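For reference, the chains in residue letters:
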Amino acid sequence: MSGIEWNEKTFSRFAYLNDPRIEGSKVAYTLTKVNMKDNKYESTIVVEDLETGSRRFIENASMPRLSPDGRKLAFTRFNEEKKETEVWVADVQTLSAKKVLSTKNVRSLQWNADSRRLLVVGFKRRDDEDLVFDSEVPFWFDGMGFLDGEKTTFWVLDTESEEVLEEIEKPRFSSGIWHGDAILMNVPHSENGKPTLFKFHDIYLWRDGSEERLFERVSFEAIDSDGERILLRGKREKRFMSEHDWLYLWDGELRAVYEGPLDVWGAKLTDGKVYFLTPDAGRVNLWLWDGKAERVVVGNHWIYGLDASGGKALLLIMTATRIGELYLYDGELKQITDYNGPIFARLKTFEPRHFRFRSKDLEIDGWYLKPELKENEKAPVIVFVHGGPKGMYGHRFVYEMQLMASKGYYVVFVNPRGSDGYTEDFALRVLERTGLEDFEDIMNGIDEFFKLEPQADRERVGITGISYGGYMTNWALTQSDLFKAGISENGISYWLTSYAFSDIGLWYDVEVIGPNPLENENYRRLSPLFYAENVKAPILLIHSLEDYRCPLDQSLMFYNVLKDMGKEAYIAVFRRGPHGHSVRGSPKHRAKRYKLFIEFFERKLRRYEEGFEVEKILKES
């Protein structure tokens, strides 16, 4: 049997599944494939009948939404020529479809219980071709660009007459769902003219042209409704954005569905029951509440998609060695798709090995991938640091990890304090201390790893990460001589400019680093930029020009200062792509990034070469 090798383009062989939906025996989801030749992603909606096993396909489509009666499918399609998003409705049996709306921006679609009306949530901006103007913050937002006076719009669309029956406008970052024939709208709460984004909301009920405020300044949002009860995710009131989200039902009285100890990522209310996902020590599991909450799908896996109807839950599940596939849970778990099975049957993968270790006052989870080695052969090590800090590593597929293990590297990753998947106290321990005890956790994890693997070469250790992981890479190279190379992606180097420049800096940085940024010593004390003189290892900084979460200034400042000090530093700036450009960039963009990633560690940890000839490296790809 022929094998398939890991390289910078292997990701293009996989099929990527997203946005699962279920009604009765019908399921729908988006299937995305990579077109390297044309440098684009091609998305197809797949509609399956679980009873007959039949499949139907709608090309160039996304956001599938099955109507409650199971007879219709709404979806979106982008019109490249007009630069507009079109809303279409198809007959599920024949897939004969008609366009029912064309507008510039659509964020969500939801059918009413009558299977006729659609709630379309989008937004409007000034769209002046010469300038961008605003009087609110933030000025821009990652993945959304310049907000330019943005307002959220709610359209009630009758799909039979193809007419908009109602149009409602609310402040930016609002969202909404049906509640019977009324509309629930989550609106950011404002205090002293400033929105308290990601922390407090006002929830309104819109019915027949009038609205009622159901909740004011609460830390939860309405995420689902059965027409009688509202499912709310969040907390009664948060002190910090970094606190966990929990679940509540409201029918005139607020009742707890789940109040920890874990975080809640996604939830669905159906038939009086609540299905929900929790991150749990490197895993993401499914819970079911039916008067009592209990885990029902548990394992070394990562559930990243959920829908439920009629006593069935539709799930997208990945593992550390497999891209996600579609599963059905109806009391037992059944796999529905196997798009990637034939590829992985020919591709060597590496199972993570779990270990736990003591770091100061906490028990910490760690994992590592062991490459194929000859007896007594030493291998270099790459330490990965997740984003966040409230991110999580564990049993999920990370392309770069499998890629580098296949190249003969040990890959080490841990969940330091501040990570998700544990208690709320664990997550909050980094606030105003980012880079201190969490960095010690990472270093203690590396020490424990070396005790377990004598073939790991302590003299050839690299470190890498994206976002918070990029910050921690910058920080690690200024705080320790252990690392002989680093790749920092979209990382922070100076917290003060992050506070003032990032889309979420005004809210997030003042929580993670501390209040009063212009006076707080933390903004200098915890910034790698001011320890640049300590850097001894070569560093490659990778950033995206359109990253508004951790803007380009962060890498560019660090690069300029390092070069001014005579350090070995390189910077690669991708012209397009948001903060998550590592997975959302164009296919060729991603392939170039993976090539840089491979070759930098090959040259610095294996060949000990000076310089980094990027033209030659990319020409070879």
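Please refer to the structure higher up on the page.
Residues numbered from 1 in each chain as written. Predicted model: local features only at pLDDT ≥ 70, side-chain atom pairs only at ≥ 80, totals over all residues. Heavy atoms only, no water.

S.K.: Sorry, what's going on with the overall build of the chain here?
M.R.: Along the chain, the regular secondary structure elements total 12 helices and 39 strands. In terms of overall size, the chain behaves like a compact globule, its C-alpha atoms giving a radius of gyration of 25 Å where 621 residues would be expected to give roughly 25 Å. Dimensions of the chain along its principal axes, counting C-alpha atoms only, are 70 × 65 × 55 Å. Burial statistics for the chain: of 621 residues in total, 59% are counted as buried. Within the chain, residue pairs in contact and separated by at least 24 positions form 55% of the contacts whose partners lie at least 6 positions apart. Carbon together with sulfur atoms contributes 45% to the accessible area of the chain, which is approximately 26000 Å² in total. (Helix = DSSP H or I, 4+ residues; strand = E, 2+ residues; numbered from the N terminus. Rg over C-alpha atoms; globule rule 2.2 N^0.38 Å. Buried < 20%, exposed > 50% of the residue type's maximum accessible area, 1.4 Å probe, protein only. Contact = heavy atoms within 4.5 Å. Areas by Shrake-Rupley, 256 points an atom, 1.4 Å probe, with all protein chains shown as cover.)

S.K.: It is not clear to me how the pairing of strand β30 (residues 322-329) should be interpreted in this structure. Could you clarify?
M.R.: Residues in a regular strand project their side chains so that they alternate between the two faces of the sheet. Most of β30 sits out of view: 7 of its 8 residues are buried. The pairing of strand β29 (residues 312-319) with β30 spans 6 bridges and is antiparallel. Within the sheet, the bridge partner assigned to L315 lies in β30 and is Y327. Joining the antiparallel neighbours β29 and β30 is a turn of 2 residues. Sheet topology places β30 next to strand β31 (residues 333-335); 3 bridges connect them, and they run antiparallel. By the bridge assignment, Y327 is partnered in β31 with Q335. Between the antiparallel neighbours β30 and β31 lie 3 residues, among them G331 with a positive phi of about 115°. (Pairing = 2+ DSSP bridges.)

S.K.: How should I be thinking about empty space enclosed by the protein in this particular structure?
M.R.: By rolling a water-sized probe across the atoms, one finds the places where empty space is left. Summed over all chains, the structure comprises 2 cavities of 30 Å³ or more. Estimates place the volume of the largest cavity at around 40 Å³. Surrounding the largest cavity, A320, L369, G394, R396, V398, M401, Q402 and F413 form its lining. Of the volumes computed, that of the second largest cavity is approximately 30 Å³. What lines the second largest cavity is S242, P389, K390, G418, A427, V430, L431, Y508 and V512. Taken together, the residues of the lining of the second largest cavity break down into 6 nonpolar, 2 polar and 1 charged. (1 Å grid on protein atoms, 1.4 Å probe; cavity = no way out; pocket = protein on both sides within 12 Å on 5 of 7 lines; lining within 4 Å. Points joined across faces, edges and corners; volume = space filled by probe spheres on them. Nonpolar A, V, L, I, M, F, W, Y, C, P; charged D, E, K, R; others polar.)

S.K.: Before we go on, may I ask you to explain the nonpolar core in this structure?
M.R.: Soluble globular proteins tend to bury their nonpolar side chains together. In terms of nonpolar packing, the biggest core is built from 122 residues, with F14, L286, L315 and F483 touching the most fellow members. With 8 residues, helix α11 (residues 587-606) is the largest single contributor of residues to this core. Other than its neighbours up to four places away in sequence, F14 contacts W6, T32, K33, I323, N340, I343, F344, L347, F397 and Y399. Membership of the second largest hydrophobic core comes to 28 residues, among which are I177, A182, L231 and W250. (Core = buried A, V, L, I, M, F, W, Y, C linked by side-chain atoms within 4.5 Å.)

S.K.: Honestly, the layout of surface pockets in this entry has me stumped. Any pointers?
M.R.: Put simply, the second largest pocket is a space of about 300 Å³. Forming the walls of the second largest pocket are 15 residues, and the residues nearest its centre are K199, L506, W507, V510 and E511. Looking at the lining of the second largest pocket element by element, the count peaks at 4 residues for helix α7 (residues 505-512).

S.K.: Help me understand the side chain of E602, please; the structure alone is not making it clear to me.
M.R.: Checked against the element boundaries, E602 lands in helix α11. Beyond its immediate stretch of four places on either side in the chain, E602 contacts K407, Y409 and R607.

S.K.: Explanation requested: the packing of helix α2 (residues 399-406) against α11 in the structure shown.
M.R.: Helices that pack against each other are described as a pair by the angle of their axes relative to one another and the distance between those axes. Running from N to C, α2 and α11 cross one another at 40°; their axes reach a closest spacing of 11 Å. Our classification of the angle between α2 and α11 gives oblique. In this structure, α2 crosses over α11, and the sense of that crossing is right-handed. On the side of α2, the interface is formed by Y399, E400, L403 and M404, while α11 contributes R593, Y594, F597, I598 and F601. Looking at side-chain class alone, the contact of α2 with α11 contains 7 nonpolar, no polar and 2 charged residues. (Axes fitted to C-alpha atoms, helices over the stretch in contact; angles between N-to-C directions. Parallel < 35°, antiparallel > 145°, perpendicular 65-115°, else oblique. Left-handed = near helix turned anticlockwise from the far one by under 90°.)

S.K.: Honestly, unusual backbone geometry in this entry has me stumped. Any pointers?
M.R.: Peptide bonds are mostly trans, and most non-glycine residues show a negative phi. A cis amide bond links G260 to the next residue, P261, at an omega of 15°. Locating P261 in the fold gives a position in the loop between β23 (254-258) and β24 (266-270). The amide bond that connects G388 to the next residue, P389, takes the cis arrangement and shows omega of 15°. For P389, the location among the structural elements is in the loop between β34 (379-385) and α2. Even without a glycine there, the phi angle at R217 is positive, about 55°. According to the relative accessible area criterion, R217 is partly exposed, its value standing at 30%.

S.K.: Even after reading the chapter, I still don't get the pattern of salt bridges, so can you show me in this structure?
M.R.: Close approach of charged atoms allows side chains of opposite charge to pair. Applying the stated criterion across every chain, the model contains 61 salt bridges. In this structure, R65 and D19 form a salt bridge, with 3.0 Å as the shortest nitrogen-oxygen distance. Taken as a pair, R65 in strand β5 (residues 62-66) and D19 in strand β1 (residues 16-23) lie far apart in primary sequence, 46 residues in all. Owing to a relative accessible area of 22%, D19 belongs among the partly exposed residues under this scheme. Note that R458 is salt-bridged to D447, the shortest N-O span being 3.7 Å. Taken together, the residues span a long stretch of sequence, with R458 in strand β36 (residues 456-466) and D447 in helix α4 (residues 437-452) at a distance of 11 residues. It is possible to trace a salt-bridge network through shared partners that takes in D361, R417, D425, R429 and D441. (Salt bridge = Lys/Arg side-chain N within 4 Å of Asp/Glu carboxyl O.)

S.K.: I keep staring at the pairing of strand β14 (residues 163-171) and nothing clicks. Help me out?
M.R.: Summarising the sheet, strand β13 (residues 151-158) and β14 pair through 8 bridges and their orientation is antiparallel. Looking at β14, one finds that W155 is bridged to E167. Once β13 ends, the chain turns through 4 residues before running back antiparallel as β14, passing E162 with a positive phi of about 60°.

Function cannot be inferred from these measures alone, as they are strictly geometric.
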